[in-house]
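Per-entry structural report
For reference, the chains in residue letters:
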Amino acid sequence: MTTPGVDDAVREKRPVTERRLHPVTPLRRAWAPVAVVIGWAAHDPDQAQRQLTRLTTTTLLIALAVIVPAAALYGFLTWWFTHFAVTDTELRIRTGLVFRRTAHIRLERIQAIDVTQPLLARVAGVAKLRLDVIGTDKKDELAFLGAEEARTLRAELLARAAGFAPETAHEVGEAPSTQLLRVPPGVLAVSLVLSGATWGTLAAALVVPTVLWLATESVWTVLATAVPLFGAAGASGVGRFVTEYDWTVGEAPDGLRLDHGLLDRAHETVPPGRVQTVRIVEPLLWRRRGWVRVELDVAGSTNSVLLPVAPREVAESVVTRVLPGVTVPAGSAVSRPPRRAGRCVPVWWRGYGLAVTDAVFAGRTGLLRRSLALVPHAKVQSVRLAQGPWQRLWGVADVHVDTGANKTVTARLRDAAEAAQLLRAQAARSRTGRRDARPDRWMA
């Protein structure tokens, strides 16, 4: 019988096999020198045009004969000097042609691993592996791997992070997923049409250029304003439709699986136990249909949308999968601030509300676009009471709850005595919640 110390020593002596990315990767890397030339031309188009007119056909051919092989060589060398390896405790990524960089990613600090496939990558049969790691703002990535290899590596990394032995981690495979819901494209399109942001940006794109034309009669001024505004309108409508197309939510032992995208497909995972805040957003024009949007704050992750649109009952059932044991407070359970709060914030004070249950702290904001934010007590990092001079005059105060995702949920304009009591009670609930919380482990 071997001791744990001997086992650890044997594992450390095991040879580490380094692997390279997919052979199609040099084509992606080869664009870097070309991008430098394009960037220079865009930065100074007049100078670029003058230089281009001076070039003869022979010179252009010679330049192409130099640039194209140079770009191909750069792409090949960067691919050749990029390796990755999975050890018993970490993922190592070694890159760099001139300046070497080695990233050591501890497996137990991995929060989420997403598989994304841009349009051209789908055509080539490759995928990109993106890793969310605790304590880092920028995602490390492996681009590109074969589509099947990317899914296999993702499953192996998650299995090792969950505590499976290295000898069996590769046999675990991707955990099976059960589909919970799928957002029909027609429902998504209607929800975007009924979104206030879409109509607001479109109205600005129509009104602002018209006013500028009447004031200046300058075509260039109108174009310089209209193009970005119409681009923003397209991004808020068409862009969201393309990104959120065929949104599918599935449940698996390693969390909730999110698959979406019309051109670029994304395969994301909402890690279990890492969700800090859930927001149920209800735009004004959605209320007659009973639709809501569910957004997330996940510590160290960029995953921010759980459901782009869904009936409220369905959305609440999905929220219970993300926050086990949590029941979304009913509208009647959310209490408004006292009427004198209207002295501080006229009219809009009616959109504020608060509900505290055994599981969550819930703060509501917004009158036209309601948003109910749910924070599990175990995820509360700090509680603060804020009271300005005008609020002191009318006996109200704000209670701020800070989470691990550097976000804040606020109970606005509460009675001053209620706010002081809430501050003390929430601090106690947070301590109890952290003590009783389940460990944040993959596939636990």
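Note that this is a predicted model, so its numbers are computed, not measured. (Residues numbered from 1 in each chain as written. Predicted model: local features only at pLDDT ≥ 70, side-chain atom pairs only at ≥ 80, totals over all residues. Heavy atoms only, no water.)

Concerning a nonpolar patch on the surface
A contiguous nonpolar surface patch, about 1100 Å² in accessible area, is contributed by Val193, Trp199, Leu202, Leu206, Val207, Val211, Phe230, Leu284, Leu285, Val347, Trp348 and Leu368. With 5 residues, the top contributor of residues to the nonpolar patch is helix 10 (residues 196-216). The topology assignment puts Leu206 in helix 10. (Patch = residues over 30% accessible without salt bridge, like charges linked within 9 Å, V, L, I, M, F, W, Y side chains within 5 Å. Areas by Shrake-Rupley, 256 points an atom, 1.4 Å probe, with all protein chains shown as cover. Salt bridge = Lys/Arg side-chain N within 4 Å of Asp/Glu carboxyl O. Helix = DSSP H or I, 4+ residues; strand = E, 2+ residues; numbered from the N terminus.)

Focus on the sheet that holds strand 4 (residues 110-117)
Read across the sheet, 7 strands follow the order 6-5-4-10-9-8-7 without closing on themselves; strand pairing throughout is antiparallel. The open sheet terminates on both sides in strands that have one partner only, identified here as strand 6 (140-146) and strand 7 (178-182). This sheet shows a mean twist of 20 degrees between the axes of neighbouring strands, independent of strand direction. (Pairing = 2+ DSSP bridges. Axes fitted to C-alpha atoms, helices over the stretch in contact; angles between N-to-C directions.)

Things to note about the UniProt feature "transmembrane region" (unreviewed entry) in the protein
As annotated by UniProt and renumbered to match this structure, "transmembrane region" (unreviewed entry) occupies residues 60-81. For residues 60-81, the helix share is 95%, the strand share is 0%, and the end-to-end C-alpha distance is 31 Å. (UniProt positions renumbered as here; feature names shortened; annotations may be inferred.)

Details of the pairing of strand 8 (residues 248-252)
Among the 5 residues in strand 8, 4 count as buried, and that is most of the element. Where strand 7 meets strand 8, 4 bridges bridge the pair, whose relative direction is antiparallel. Each bridged residue has a counterpart across the sheet, and for Thr178 the counterpart in strand 8 is Glu251. Inspection of the sheet shows strand 8 paired to strand 9 (residues 255-260) by 5 bridges, in the antiparallel sense. If you follow Val249 over to strand 9, its bridge partner there is Leu258. Linking two consecutive strands that pair antiparallel, namely strand 8 and strand 9, is a turn of 2 residues. (Buried < 20%, exposed > 50% of the residue type's maximum accessible area, 1.4 Å probe, protein only.)

Section: helix 12 (residues 312-322)
For helix 12, the complete set of buried residues consists of Ala315, Val318, Val319 and Val322. Axial view of helix 12: buried residues confined to an arc of 105 degrees, hence all on one face. (Arc of directions from axis to C-beta.)

Brief notes about unusual backbone geometry
A cis amide bond links Ala143 with the next residue in sequence, Phe144, at an omega value of 10 degrees. Looking at the element boundaries, Phe144 is found in strand 6. We note that Val347 has phi near 65 degrees; this positive angle belongs to a residue other than glycine. The topology assignment puts Val347 in the loop between helix 12 and strand 14 (353-356). Within the chain, Leu413 stands out as a residue other than glycine whose phi angle is a positive 55 degrees. Structurally, the position occupied by Leu413 is in strand 19 (residues 408-415).

Quick notes on the nonpolar core
Of all hydrophobic cores here, the largest spans 36 residues; its most connected members are Val275, Val278, Leu296, Leu306, Leu307, Val319 and Val322. Counting only elements with at least two residues in this core, the list comes to helix 9 (185-193), strand 9, strand 11 (275-282), strand 12 (291-298), strand 13 (305-311), helix 12, strand 15 (360-365) and strand 16 (370-376). Val86, Leu131, Leu145 and Leu157 belong to the second largest nonpolar core, which has 22 residues in total. (Core = buried A, V, L, I, M, F, W, Y, C linked by side-chain atoms within 4.5 Å.)

Brief notes about the side chain of His260
Residue position: His260 is located in strand 9. Since its relative accessible area comes to 7%, His260 is described here as buried. From its side chain, His260 meets the backbone oxygen of Thr243 in a polar contact 2.8 Å long. In contact with His260, not counting residues within four places along its chain, are Thr243, Tyr245, Asp246, Trp247, Arg265, Ala266 and Glu268. (Polar contact = N/O pair within 3.5 Å; in protein donor to acceptor, adjacent residues only side chain to side chain. Contact = heavy atoms within 4.5 Å.)

Some thoughts on the sheet that holds strand 17 (residues 380-386)
Read across the sheet, 3 strands follow the order 17-18-19 without closing on themselves; strand pairing throughout is antiparallel. Across the chains shown, the open sheet's two edge strands, defined by having one partner strand only, are strand 17 and strand 19. Recorded for the sheet is a direction-independent mean angle of 15 degrees between the axes of neighbouring strands. The pairing of strand 18 (residues 396-403) with strand 19 spans 6 bridges and is classified as antiparallel. For Val399, the partnering residue across the bridge sits in strand 19 and is Ala411.

With respect to the environment of Asp415
Positionally, Asp415 belongs in strand 19. C-alpha of Asp415 to C-alpha of Gly395: the two residues are 20 residues apart in sequence and 6.1 Å apart in space. With near-sequence residues (within four places) excluded, Asp415 lies in contact with Pro338, Arg340, Gly395 and Val396.

Some points on the packing of aromatic side chains
Given two aromatic rings, their pairing is described by the distance between the two centres and the angle made by the two planes. In the structure shown here, the tally under the stated rule is 6 aromatic pairs. Consider the rings of Trp286 and Trp291, whose centres lie 6.4 Å apart with planes at 80 degrees: the pair is edge-to-face. Taken as a pair, Trp286 and Trp291 share a single burial class, namely buried. One aromatic cluster in this structure is built from Phe76, Trp79 and Trp80. Cation over ring: Arg20 sits above Trp79, and NZ or CZ is 5.9 Å from the ring centre. The ring of Trp80 has Arg20 sitting right over it, with the charged end atom 3.6 Å from the ring centre. (Phe/Tyr/Trp six-rings, centres within 6.5 Å; stacked < 30°, edge-to-face > 60°. Lys NZ or Arg CZ within 6 Å of the ring centre and 35° of its normal.)

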